[in-house]
Amino acid sequence: MSGSTSSDEEVHATPIVIVAGPDLDTDFTSKSHLLVDGKEASIAFLREYFRNGKDAARADKTVRNKQGYLSLSGVYLKQFLHKNRGEAGAATVIHYFNDSTAAAYDRAVASASVLLISTTLMPTWSFVESLADRAKRINPTITVIAGGVSVYKIAKARKMLDAGLFEATPKLREFWKFLMKPYQSKIDFAIASVAGEQILLTLLDCLEQGSDAWKTMPNVIWYDPSVGDFHMNELVEEKSSDCEVDWSREKCPEGSIYPVQAGQGCPYKCGFCDFVALEPVVYRCNTNAVMNTVRSIPLYKGHRRVWFTNDNLLVTRSVAVNFLTELIRQDLHCRWYSFLRLDAVADAELADLIAQSGCERANFGLESGDQTILDNMEKHCRVEDIPRGINFLLERNIIVRVSVIVGYPGETKETIMKTVKLVNSIQDTGVFEVKVRISKNDKKKSRFRSCFLSKRCSRLEFSQWRRFRLGNRGKDGDCKE
């Protein structure tokens, strides 16, 4: 369909444009001022540059033609609006924003009346504002509405801040900005909800009718240019939606990995995770809706490529058995990956079901190889269960990707060495990836840094971990060797 685009292709005029995020590999966060043969030397460009024998033109073309991710929120909103508003709800989806989609974005907003920005995968609020500012410079009359997880998260944080439940440092206020300090914004409205599509319908009706009923609508945040600040209406919790999508209606690059939502929330309350605050109630989507969405995905080389977007796909054993058995029974030819807990691979029977259902890769939070640190994290798992669960999957040819947190309160060189030992205890079969995240050791709370190491291996030496030792930091966001 011409109303969905992920590259610089023809864009038909539609009243609504939906942009769902940046391409996280080539967006502004990875750019530098370095030019190579006149080409912007982003991290992605440099990777292709050296892979292609230092051919800058070829590297630039590869990066520009690179397939980005597909946006579940963007396509779901597009189909929801068309179903409920007909042609008035026709929308163009920009799955991700980067240099290769900028021209399509510009043409789309030039003739649109509304720009919807899904903030779920936006790296910073400044990026959201930059999209709004770009749209307003092209089309000053366009109405910009932001929604998604970042809006919901910041709105809830503001409520907690007003209630005195935590303090926001000047740096945090500047980073979030939205709802944290007055500033001149190009965003007209924001919707703070885990769902929000029904609120969006009502808001669009108000705007078309010239009504200002949105000033009192729950979960609506509106910008008041006279004071240069946002006004937040009452926040009311809403139930998550099934997010059923018919992917067969969308024009997507061949071989794409399609996002499918099977639920939201996680019943565990790990001390480092904000999913619990965002989704205090675990919601499982209707199984038929999930299976219908999967079935609508086109086959690629005999299989449907699926990313289940859940925070935690298999939250309990019974959920795991029922879901995986149904996936197998319907014979949908899936090849899928998702976030799991190692508790979900408690025995060979569950591991067999995971493999038989088509799992290609499982992402786990290993976090630490020290039981005291795991207890400090309120991880609710035992160290001895970790290698067993990983080995179950590796034996079944499933790629395993784990993340490790270094520097959580209580961390010492000895506890880090236990994590190194645990990683090294994993058998050599299969593909095993380790990602390290940095946590500032703080008695009150843990604040995480970006990923500094992504290593595909099955053996790590302590020398590879030493740069993550506690207190060995330079300026904020940098890491000394």
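Residues numbered from 1 in each chain as written. Predicted model: local features only at pLDDT ≥ 70, side-chain atom pairs only at ≥ 80, totals over all residues. Heavy atoms only, no water.

Remarks on the overall build of the protein
Looking only at helices and strands, the protein features 15 helices and 19 strands. Surface exposure of the protein reaches about 22,500 Å², of which carbon and sulfur atoms provide 51%. (Helix = DSSP H or I, 4+ residues; strand = E, 2+ residues; numbered from the N terminus. Areas by Shrake-Rupley, 256 points an atom, 1.4 Å probe, with all protein chains shown as cover.)

Brief notes about the packing of aromatic side chains
A full pass over the atoms with the stated rule returns 13 aromatic pairs. When the centroid spacing of 4.9 Å and the interplanar angle of 80° are considered together, the rings of Phe189 and Trp214 count as edge-to-face. Here Trp214 lies in the loop between helix H8 (197-209) and strand E9 (220-224) and Phe189 lies in strand E8 (residues 189-191), a separation of 25 residues in the sequence. An identical accessibility class is assigned to Phe189 and Trp214; each is buried. Taken together, Trp125, Phe178, Tyr183, Tyr223 and Phe230 form an aromatic cluster joined through their ring pairs. Across the ring face of Tyr268, the terminal group of Arg341 is positioned such that the distance to the ring centre comes to 3.5 Å. Sitting over the face of the ring of Tyr337, Arg361 holds its NZ or CZ atom 4.2 Å from the ring centroid. (Phe/Tyr/Trp six-rings, centres within 6.5 Å; stacked < 30°, edge-to-face > 60°. Buried < 20%, exposed > 50% of the residue type's maximum accessible area, 1.4 Å probe, protein only. Lys NZ or Arg CZ within 6 Å of the ring centre and 35° of its normal.)

As for unusual backbone geometry
Its identity is not glycine, yet Lys54 carries a phi of approximately 60°, on the positive side. Its place among the elements puts Lys54 in the loop between helix H1 (43-51) and helix H2 (56-64). A positive phi angle, near 55°, is found at His333, a position not held by glycine. Here His333 shows up in the loop between helix H11 (317-329) and strand E15 (334-339). Its relative accessible area of 38% is what places His333 among the partly exposed residues.

Notes on the packing of H11 against helix H12 (residues 348-356)
Relative to each other, H11 and H12 sit at 35°, their axes nearing to 9 Å. The element H11 and its partner H12 pack so that their crossing is left-handed. Counted together, Arg317, Ala320, Val321, Leu324, Thr325 and Ile328 of H11 and Glu349, Leu350, Leu353, Ile354 and Gln356 of H12 form the full contact between these two elements. (Axes fitted to C-alpha atoms, helices over the stretch in contact; angles between N-to-C directions. Left-handed = near helix turned anticlockwise from the far one by under 90°. Contact = heavy atoms within 4.5 Å.)

Some remarks on the nonpolar core
If you look at the biggest cluster of nonpolar residues, it comprises 85 residues, and the most contacted ones within it are Phe308, Phe323 and Trp336. Setting aside its immediate chain neighbours within four residues, Phe308 contacts Val260, Ala262, Val290, Val294, Leu313, Phe323, Leu327, Trp336, Tyr337 and Ser338. If you look at the next biggest cluster of nonpolar residues, it comprises 40 residues, including Ile94, Ile154, Met180 and Ala192. (Core = buried A, V, L, I, M, F, W, Y, C linked by side-chain atoms within 4.5 Å.)

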